[in-house]
Amino acid sequence: MKLILPIAGEGTRLRPHTYTVPKALIQVGGKAIIAHILDGILSSVTIEEVIFIVGRLGEKVENYINKHYNIKATYIEQTERLGLGHAVFLAKDRFKRWDPALIVYGDTIFNVNLKKAIGEVDGCIGVKEVKDPRRFGVAEVKNGVIQRLVEKPQNPASNLAVVGVNYIKNTKLLFALLEQMIKKGKKTKGEFQLTDVFQLMIEEGVRLETFMVDEWYDCGKPETLLLTNRYILEKNGYYEKQKDTVILPPVYIHPTAKVTRSVIGPYVSISENARIISSIIKDSIIGEGAYIEGYVLASSVIGEHAICKGTFKHLNVGDSSSVETT
Ligand code: G1P
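This one's a predicted model, so the numbers in the text were calculated from it and none came from an experiment.

1. Looking at the packing of aromatic side chains
Moving on, step 1. Evaluation of the coordinates by the stated rule reveals six aromatic pairs.
Moving on, step 2. When the centroid spacing of 6.1 Å and the interplanar angle of 45 degrees are considered together, the rings of Tyr238 and Tyr252 count as tilted. Pair noted here: Tyr238 is in the loop between α8 (222-236) and β14 (246-247) and Tyr252 is in strand β15 (residues 251-253), with a separation of 14 residues, a long-range link.
Moving on, step 3. Overall, Tyr252 belongs to the buried group, its relative accessible area being 14%.
Moving on, step 4. Through a chain of ring-to-ring contacts, the aromatic side chains of Phe95, Trp98 and Phe175 assemble into a single cluster.
Moving on, step 5. A cation over an aromatic ring shows up here: Lys2 above the ring of Phe95, its NZ or CZ 5.8 Å from the ring centre.
Moving on, step 6. Arg230 extends its terminal NZ or CZ atom over the ring of Tyr267, reaching a point 4.3 Å from the ring centre.

What follows is the structure, given as structure tokens:
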């Protein structure tokens, strides 16, 4: 089985971070989004090759994977934002023997037993019940088998959202249908949709089943990134004692990061080689190599190699006076 990871999206809602770092490499809970995805998949199923469909800054993804993983990886650039269907189609040449494909949207951190989910089926699509399915692909299901898939419907027929973890056995048909779709210019909402090609597969008689993904964490914008950071730290915190520092778990402090004279936590992730001095930080993500001195931070996302230097406030406040800083 080969894994296709479309990660060419611009991550506009995570700017300014995504101006310099592809969204897949944004840190959360102590490692890059893509590392959470890969570690979960590689520990549960056998993957022969990982095909990354990258966009701008794709070389950073390649460097990251080379540094942290020993896997067979291919990088294909999607130069135009033509949709997930188009992104997946770019991987066609890597499927000479029509191996089955696992297609995982690269900004989705999830927790599911893939081995059990994939089983012996033709194909299966991970879904989750959501309150408002209108901004997702939506599956109509009968007895565990998908009857219809619609991309971002105005009037959803169910509340089962397509999460972005899909297994397709018949990749020969998948790529043939994608090719037809692209040739005919059949777009939905301005893009070649994967949801549409899965629907075409159903119409060709392919039995696509669903599996439930209960843990699905959004990393789309700073607020949700910080919430995801919390969830991950609750499960996987890690730190070593730091000099003259009080730690309020859960936190993650990379072994190469150094903290002195500070109060850290709860819910703080500090990446490789970051340096924190005389600061109080809670509910934040501190990027690789960042330097923070004399700051009180909450709900903050600090980029790689950023420098934040503050000072302690000097107050000379009279009796019965009131001072508030915001
Ligand atoms: C994409 C898919 C959609 C899916 C969603 C999951 O939409 O097209 O079917 O439900 O990811 O996050 P996007 O979020 O790229 O608009």
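2. Some thoughts on the pairing of strand β11 (residues 160-168)
Moving on, step 1. The buried count for β11 comes to nine of nine residues, which makes it a mostly enclosed element.
Moving on, step 2. In this sheet, β11 lies alongside strand β6 (residues 101-104) in antiparallel orientation, the contact comprising four bridges. Looking across to β11, one finds that Val104 is bridged to Val165.

3. Digging into unusual backbone geometry
Moving on, step 1. For the bond from Pro249 to Pro250, the omega torsion is 5 degrees, close enough to zero to count as cis.
Moving on, step 2. If you trace the backbone, Pro250 turns up in the loop between β14 and β15.
Moving on, step 3. Residues Gly265 and Pro266 are joined by a peptide bond in cis, for which omega reads -5 degrees.
Moving on, step 4. Mapped onto the fold, Pro266 is located in the loop between β17 (263-264) and β18 (268-270).
Moving on, step 5. In this model, Lys152 sits at a positive phi of 40 degrees, which is unusual for a non-glycine residue.
Moving on, step 6. With respect to the secondary-structure elements, Lys152 resides in the loop between β10 (145-151) and β11.

4. Digging into the packing of helix α6 (residues 171-184) against helix α7 (residues 194-203)
Moving on, step 1. The N-to-C vectors of α6 and α7 enclose an angle of 120 degrees; their axes lie 10 Å apart at closest approach. Considering the angle they form, α6 stands oblique to α7. Of the two elements, α6 crosses α7, and the hand of that crossing is right-handed. Of the residues in α7, those in contact with Leu173, Leu174, Leu177, Leu178 and Met181 of α6 are Asp196, Val197, Phe198, Leu200 and Met201.

5. Structural notes on the layout of surface pockets
In this approach a probe as big as a water molecule rolls over the atoms, and the regions it shows empty are the leftover space.
Moving on, step 1. In this structure, the largest pocket spans a volume of roughly 1500 Å³.
Moving on, step 2. If you trace the largest pocket, you find 46 residues lining it, with Arg13, Lys23, Tyr105, Asp107 and Thr108 closest to the centre.
Moving on, step 3. Secondary-structure elements contributing two or more residues to the lining of the largest pocket are β1 (2-7), α4 (84-89), β8 (123-129), β11, β13 (215-218) and α8.
Moving on, step 4. Examining the composition of the lining of the largest pocket, we find that four residues originate from one element, α8, more than from any other.
Moving on, step 5. Here the lining of the largest pocket is built from residues that sort into 17 nonpolar, 13 polar and 16 charged.
Moving on, step 6. Considered as a void within the structure, the second largest pocket measures approximately 370 Å³ in volume.
Moving on, step 7. For the lining of the second largest pocket, the secondary structure elements donating two or more residues are α2 (33-42), β7 (108-111) and α8.
Moving on, step 8. A per-class count over the lining of the second largest pocket returns nine nonpolar, seven polar and three charged.

Here is what the cut-offs are and how they apply
- Once a new chain begins, its residue numbering starts again from 1 and follows that chain's sequence as written.
- Residue-level local features of this predicted model are given only where pLDDT is at least 70; pairs of side-chain atoms are given and counted only at 80 or more, and the full residue set underlies all totals for whole chains, interfaces and linings.
- By convention in this description, side-chain values take in all heavy atoms of the structure and omit both hydrogens and water.
- Each pair of aromatic rings taken from Phe, Tyr and Trp, with Trp reduced to its six-membered ring, is defined by centres within 6.5 Å and is described as stacked if the planes are under 30 degrees apart, edge-to-face if over 60, and tilted in the remaining cases.
- Where helices and strands are cited, they refer to DSSP runs of H or I of at least four residues and of E of at least two residues respectively, numbered from the N terminus.
- For each residue, the accessible area found with a 1.4 Å probe, counting protein chains only, is set against the maximum for its type, and the residue is called buried under 20%, exposed over 50%, and partly exposed in between.
- Both a distance and an angle decide whether a charge sits over a ring: NZ of Lys or CZ of Arg must be within 6 Å of the ring centre and within 35 degrees of the ring normal.
- Here, strands pair whenever DSSP counts at least two bridges between them.
- What counts as an axis is a line fitted to C-alpha atoms, over the stretch in contact for a helix, and the angles between N-to-C directions run from 0 to 180 degrees.
- The labels follow the angle: roughly parallel below 35 degrees, roughly antiparallel above 145, roughly perpendicular from 65 to 115, and oblique for the rest.
- What makes a crossing left-handed is the near helix being turned counterclockwise from the far one by less than a right angle; a clockwise turn instead makes it right-handed.
- The criterion used for residue contact is that any of the two residues' heavy atoms lie within 4.5 Å.
- Definitions used throughout: a 1 Å grid over protein atoms alone; a cavity as a set of points that fits a 1.4 Å probe which cannot get out; a pocket as an open set with protein on both sides within 12 Å along at least five of seven lines; a lining residue as one with an atom within 4 Å of a point.
- Grid points are joined across faces, edges and corners, and a volume is the space filled by probe spheres set on the points.
- Residue type decides the class: Asp, Glu, Lys and Arg count as charged, Ala, Val, Leu, Ile, Met, Phe, Trp, Tyr, Cys and Pro as nonpolar, and the leftover types, Gly among them, as polar.

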